[in-house]
Amino acid sequence: MANVGAVGLDWQERVNWDRLRKYRLERARERMKAHGLGAMLLMYDENVRYVTSTLTPGWNRLKPGLRYALLCGDDAPVLFEQGDIGMHIAKHSPWIPKDNIRYSYAWIKGAAGPASTQQVGKFTSAIKQEMKKRGVDGLKLGVDFIDINMIKIFQDSKIDWADGMTAMMEARAVKNQDEHECMRIVGAIGDAAHWEFMKFLKPGLTENQLTAHIMQFLYNIPGMEDVEDVIVSSGLNTWPNWRNFSDRIIKPGDMVFMDLAALTWNGYKSCYYRTYMVGREPNQEQKDYYAIALKWLYDSIKAVKVGATTRDIASKWPSAKEAWGYEEEDQAAANLWGHGLGLAQYDQPVISRIWSLDHPIDIKEGMVFALETQHGKPFEWGVRIEEMLIVHKDSVEIVSNFPVEQITVVDPMPGYSDYGKRPGS
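**Description of the pairing of strand β12 (residues 347-351)**
No. 1: With respect to burial, β12 is a largely interior element, four of its five residues being buried.
No. 2: The sheet contact formed by strand β11 (residues 337-340) and β12 spans three bridges and is antiparallel. Bridge pairing in β12 places H339 opposite V350.
No. 3: Between β11 and β12, which pair antiparallel in sequence order, lie six residues.

Shown next as structure tokens:
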């Protein structure tokens, strides 16, 4: 498609939402069966959305058990929604049979206190009842989340449970053409946000003012559901990696980076870094560091192809010791990094020298992920770059289009002096 129109039309097919819903459900079902599971109990929001295509409010996310879905064999999913929200599901989501909408039995990871045992008992009985009704009672149940309150009651109820997250990770890793179009739209929104950031950035603003401005910009875009994080770091906050924002005031000559960490458009998420200089051109050392990070990034992108592995990508990056003098790769976690993008910010594959060299994963057609590299001088300045890409049969498509080949300079002015300046001040 590659149209990047964000609304539905009668005269042009863009994202075919019905095809997308059916693809995701059948993909989950296929991986469920491949893992020998008779049913899957899904409690993480990205997995519930993947199989039911239903939206939950922000306060309901990241709290497994407030809502959950059960996929049994070839049947339509059963959605256990929080409280009476299910009435909205019945009204707005006709692909979920009304008879398959239930209310949930929540214990909120134990926050219900002594009542947790009671609630997990009701939860377990409802799951067993649905599995029996759909002819999969006694078969292995895949779960994507388990907590201490569930383990004993599952055992007492003779539920044969197993890992269901791996099946869902495998399902979500390979996207269809409609999910690719969603990611192109996410990329286009990210391009616009970086352009807006470039225009708004100036000395005197604080990191959190810049963050707030970009969040406001993003929430004005139709289809925007959530902006999980916008990271703005400047000056000494840019290295080593802090990945946060503060009330630090931007000064003339500062290096700044901005990351669109998980803007969420119709469920699909971003991760998209660029580096800026405010008020002056970068010096040669800063240009050199950026050139190194850019080479690391594009060397790894050029290693991406169907049939390659995550090892092929991660091996293009230097070791943590070689790059920064660290003793272990884990000390540089996420400095040289790749991660799948979709309904979660961490779909497969996740690429790092920490594990990819010894535990490679195959790169498959349809995968969508981000690759990011960074470099810097501790508590002085640092650069970060990231691209989002789609893996096609014979090519790689980059969907992040803001200029990348050099640091973006905002309003350069001559006449700076280094006299009396402390590094990173």
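Now that the structure has been shown, we can carry on.
**What to know about the sheet that holds strand β3 (residues 78-81)**
No. 1: Strand order in the open sheet formed by six strands is β4-β3-β2-β1-β5-β6, with mixed pairing between adjacent strands. In this open sheet, the two edge strands, each paired with only one partner strand, are β4 (101-103) and β6 (161-163). Averaged over neighbouring strand pairs, the angle between their axes works out to 25° when direction is ignored.
No. 2: Where strand β5 (residues 141-143) and β6 come together, three bridges link them in parallel fashion. Residue pairing for β6: L141 is matched across the bridge by W161.
No. 3: Lying over the sheet, helix α2 (residues 45-52) contacts β1 (39-42), β2 (68-72) and β3, oriented at roughly 50° with respect to β2.

**A closer look at the packing of helix α1 (residues 17-34) against helix α6 (residues 165-173)**
No. 1: Interaxial distance between α1 and α6 falls to 8 Å at its minimum, and their mutual angle equals 135°. Here α6 runs oblique to α1, going by the angle between their axes. For α1 against α6, the interelement crossing comes out right-handed. On α6, the residues that touch R27, A28, R31 and M32 of α1 are A167, M168, E170 and A171.
No. 2: A class-by-class count of the residues in the contact of α1 with α6 yields five nonpolar, no polar and three charged.

**Overview of the sheet that holds β12**
In a beta sheet, neighbouring strands are held together by backbone hydrogen bonds and run either parallel or antiparallel to one another.
No. 1: One open sheet holds the five strands; their spatial order is β12-β11-β13-β14-β15, and the pairing between them is antiparallel. Lying at the two open borders of the sheet, with one neighbouring strand each, are β12 and β15 (396-398). Strand after strand, the sheet turns through a mean of 25° between neighbouring axes, direction not considered.

**Thoughts on the nonpolar core**
No. 1: Core analysis: the largest hydrophobic core is formed by 58 residues, its most contacted members being M40, F197, L201, L218 and L260.
No. 2: Top element by residues in this core is helix α7 (residues 177-200). It accounts for seven residues.
No. 3: Those residues in contact with L218 that sit more than four places away from it in its chain are I189, A193, M224, V227, V230, L260 and L263.
No. 4: Listed in part, the 34 residues of the second largest apolar core include Y289, A314, V383 and I407.

**Brief notes about the pattern of salt bridges**
No. 1: Inspection of every chain in the model, using the stated rule, returns 30 salt bridges.
No. 2: For K128, the salt bridge identified is with D137, shortest N-O distance 4.0 Å.
No. 3: The partner of E130 in a salt bridge is R134, with the nearest N and O atoms 2.9 Å apart. Take E130 and R134: they sit in the same class, and that class is buried.

**Quick notes on a nonpolar patch on the surface**
No. 1: Taken together, the side chains of V7, L9 and W11 present a nonpolar region at the surface, about 330 Å² in accessible area.
No. 2: Within the element layout of this structure, L9 appears in the segment before α1.

**Digging into unusual backbone geometry**
Peptide bonds are trans in most cases, and residues, glycine excluded, mostly fall at negative phi.
No. 1: Here the residue pair W239 and P240 is connected by a cis peptide bond, since its omega of -5° sits within 30 degrees of zero.
No. 2: Of note, the bond from Q348 into P349 is cis; its omega dihedral lies within 30 degrees of zero at 0°.
No. 3: The residue P349 is located in strand β12 in this model.
No. 4: One non-glycine residue, K158, adopts positive backbone phi at about 55°.
No. 5: Relative to the assigned elements, K158 resides in the loop between α5 (148-156) and β6.
No. 6: Look at K158 and you get exposed, because its relative accessible area is 71%.
No. 7: For A262, which is not glycine, the phi torsion reads 70° and is therefore positive.
No. 8: The buried category is assigned to A262, whose relative accessible area is 0%.

**Thoughts on α7**
No. 1: The terminal C-alpha atoms of α7 lie 35 Å apart, and with 24 residues this matches the ideal 34 Å at 1.5 Å per residue to within 8%.
No. 2: Burial within α7 is extensive, with 17 of its 24 residues counted as buried.
No. 3: Where α7 begins, the side chain of N176 points an oxygen toward the backbone nitrogen of D178, at a separation of 3.1 Å.

**Let's talk about helix α8 (residues 207-219)**
No. 1: Relative to the 18 Å expected for 13 residues at 1.5 Å per residue, α8 spans 18 Å between its end C-alpha atoms, a close match to the ideal helical length.
No. 2: Within the span of α8, buried status applies to E207, L210, T211, H213, I214 and L218. Buried residues along α8 cover an arc of 160° about the axis, so they all sit on one side.
No. 3: The inward-facing, buried residues of α8 contact α7, β7 (224-234) and β8 (255-265).

**Considerations on the packing of aromatic side chains**
Aromatic ring pairs: the centre-centre distance and the angle between the two ring planes describe each pair.
No. 1: Inspection of the entire model under this criterion finds 17 aromatic pairs.
No. 2: Ring centres of Y68 and F123 lie 4.8 Å apart, and the angle between their planes is 75°; on these two criteria the pair is classed as edge-to-face. On the criterion of sequence distance, the pair formed by Y68 in strand β2 and F123 in helix α4 (residues 115-133) is long-range, its members being 55 residues apart.
No. 3: Centroid distance W324 to Y326: 6.0 Å. Interplanar angle 35°. Geometry classified as tilted.
No. 4: Of the residues examined, Y326 reaches a relative accessible area of 18% and is grouped as buried.
No. 5: Feature note: the residues Y68, F80, W107, F123 and F154 constitute an aromatic cluster, connected by ring pairs.
No. 6: Directly above the ring of W95 sits R21, whose terminal nitrogen or CZ lies 3.7 Å from the centroid.
No. 7: Here the basic side chain of R384 rests over the ring of F257, its NZ or CZ set 5.2 Å away from the ring centre.

Definitions and cut-offs
- Residues numbered from 1 in each chain as written.
- Predicted model: local features only at pLDDT ≥ 70, side-chain atom pairs only at ≥ 80, totals over all residues.
- Heavy atoms only, no water.
- Buried < 20%, exposed > 50% of the residue type's maximum accessible area, 1.4 Å probe, protein only.
- Helix = DSSP H or I, 4+ residues; strand = E, 2+ residues; numbered from the N terminus.
- Pairing = 2+ DSSP bridges.
- Axes fitted to C-alpha atoms, helices over the stretch in contact; angles between N-to-C directions.
- Contact = heavy atoms within 4.5 Å.
- Parallel < 35°, antiparallel > 145°, perpendicular 65-115°, else oblique.
- Left-handed = near helix turned anticlockwise from the far one by under 90°.
- Nonpolar A, V, L, I, M, F, W, Y, C, P; charged D, E, K, R; others polar.
- Core = buried A, V, L, I, M, F, W, Y, C linked by side-chain atoms within 4.5 Å.
- Salt bridge = Lys/Arg side-chain N within 4 Å of Asp/Glu carboxyl O.
- Patch = residues over 30% accessible without salt bridge, like charges linked within 9 Å, V, L, I, M, F, W, Y side chains within 5 Å.
- Areas by Shrake-Rupley, 256 points an atom, 1.4 Å probe, with all protein chains shown as cover.
- Expected span 1.5 Å × (residues − 1).
- Polar contact = N/O pair within 3.5 Å; in protein donor to acceptor, adjacent residues only side chain to side chain.
- Arc of directions from axis to C-beta.
- Phe/Tyr/Trp six-rings, centres within 6.5 Å; stacked < 30°, edge-to-face > 60°.
- Lys NZ or Arg CZ within 6 Å of the ring centre and 35° of its normal.

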